[in-house]
Amino acid sequence: MSTLISSATKKTMIITGVNEAIYPLFPEITYKKNKDMMILNSFGAVITQPYGCLIRNIILAIYNELVDEIFIIGEMESKEVKLNMSDKIKEHGVSEEILKTINYIDVVEHDVINWLTGPQNIEDVIKKNKDLIKGHPLIPKSIPVHAYIANPETGEYFPV
C-alpha cells in the first residue's frame, strides 16, 4: 500500500550563509512560504567536503524531512568570506607554531588559513556547491538544485 504525501508537507531546502538580512529574499527567490522552507547555514555558504557534516545534513533532510527542492543562495559582497583569519586566530592565542604544525601534517592541503577562509569568489563557491550536490551519489537526481546570488541591501538577485 502506497502512502500519498501532500505537497504541503514537502520542504524546500535553502543553503546559505549566516547573515539573516538575506532571509526576506527567500520567498521571492523560491516562490515558497517561510513555513515550507528549511534553512541550513554555513559561513560563506561553503560546502567544503563531499562527505562532511553539511552534506550529511542535506542528505538526512532530503530523506527525513521530505525535501523536494534545494536552493543555494549566496550573498553578494559577503563579509563572511573576507575574514582575516590569520590575525584573528593569532589574537586568540593560536601560535604560528600550531599553524605550521597543522600545515605540516597536511590535514587541510598545507594551508589551514586558506581552508578556514574558503574561496573568495562567491559565484565560484555557489557553482561548486551546486555541482557537488547535483553529482552526489546519495542525493536523488530527481531533486532540482537552484543557485542564486543575492544582495540583501538592494533586494537584487540573479541565478548562477
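Refer to the structure presented above.
Keep in mind it's a predicted model, so treat the numbers as computed, not measured. (Residues numbered from 1 in each chain as written. Predicted model: local features only at pLDDT ≥ 70, side-chain atom pairs only at ≥ 80, totals over all residues. Heavy atoms only, no water.)

**Topic: unusual backbone geometry**
At Tyr31, a residue that is not glycine, the phi angle is positive and equals roughly 60°. Position of Tyr31 relative to the elements: it lies in the loop between α1 (26-30) and β2 (37-41). A positive phi angle, close to 60°, is found at Leu66, a residue other than glycine. Mapped onto the elements of the fold, Leu66 is located in the loop between α2 (53-64) and β3 (67-75). (Helix = DSSP H or I, 4+ residues; strand = E, 2+ residues; numbered from the N terminus.)

**Description of the sheet that holds β2**
Reading across from one edge, β2-β1-β3-β4-β5 is the order of the five strands in this open sheet, with mixed pairing throughout. Strands with a single pairing partner mark the edges of an open sheet, and in this sheet they are β2 and β5 (157-159). Put simply, the sheet's adjacent strands are angled 25° from each other on average, direction ignored. (Pairing = 2+ DSSP bridges. Axes fitted to C-alpha atoms, helices over the stretch in contact; angles between N-to-C directions.)

**Considerations on α2**
Counting along an α-helix, one turn takes 3.6 residues, and residues three or four places apart therefore face a common direction. Along its 12 residues, α2 runs 16 Å from first to last C-alpha, staying within 8% of the 16 Å computed at 1.5 Å per residue. Packed against the buried residues of α2 are β1 (11-16), β2, β3 and α6 (122-135). (Expected span 1.5 Å × (residues − 1). Contact = heavy atoms within 4.5 Å.)

**With respect to the nonpolar core**
Of all hydrophobic cores here, the largest spans 26 residues; its most connected members are Met13, Ile15, Ile58, Ile70 and Ile133. Contributing elements (two or more residues each) for this core: β1, β2, α2, β3, α6 and β4 (145-150). Take this core: its biggest share by element is six residues, from α2. Other than its neighbours up to four places away in sequence, Ile15 contacts Leu40, Leu54, Ile58, Ile70, Phe71, Ile72, Ile73 and Ile133. (Core = buried A, V, L, I, M, F, W, Y, C linked by side-chain atoms within 4.5 Å. Buried < 20%, exposed > 50% of the residue type's maximum accessible area, 1.4 Å probe, protein only.)

**So, the side chain of Thr16**
Assignment of secondary structure puts Thr16 in strand β1. For Thr16, a relative accessible area of 1% puts it in the buried group. A polar contact is formed between the side chain of Thr16 and the backbone oxygen of Ile73, at a distance of 2.8 Å. Here Thr16 is in contact with Ile22, Tyr23, Phe26, Ile39, Leu40, Asn41, Ser42, Ala45 and Ile73, once residues within four sequence places are set aside. (Polar contact = N/O pair within 3.5 Å; in protein donor to acceptor, adjacent residues only side chain to side chain.)

**Observations regarding the pattern of salt bridges**
On inspection of all chains with the given rule, the structure shows four salt bridges. One salt bridge in this structure joins Lys35 and Asp36, with 3.4 Å as the shortest N-O distance. When the shortest N-O distance is used, the salt bridge between Glu96 and Lys90 registers 2.6 Å. Of the residues examined, Glu96 reaches a relative accessible area of 37% and is grouped as partly exposed. Residue class for Lys90 comes out partly exposed when judged on its relative accessible area of 36%. (Salt bridge = Lys/Arg side-chain N within 4 Å of Asp/Glu carboxyl O.)

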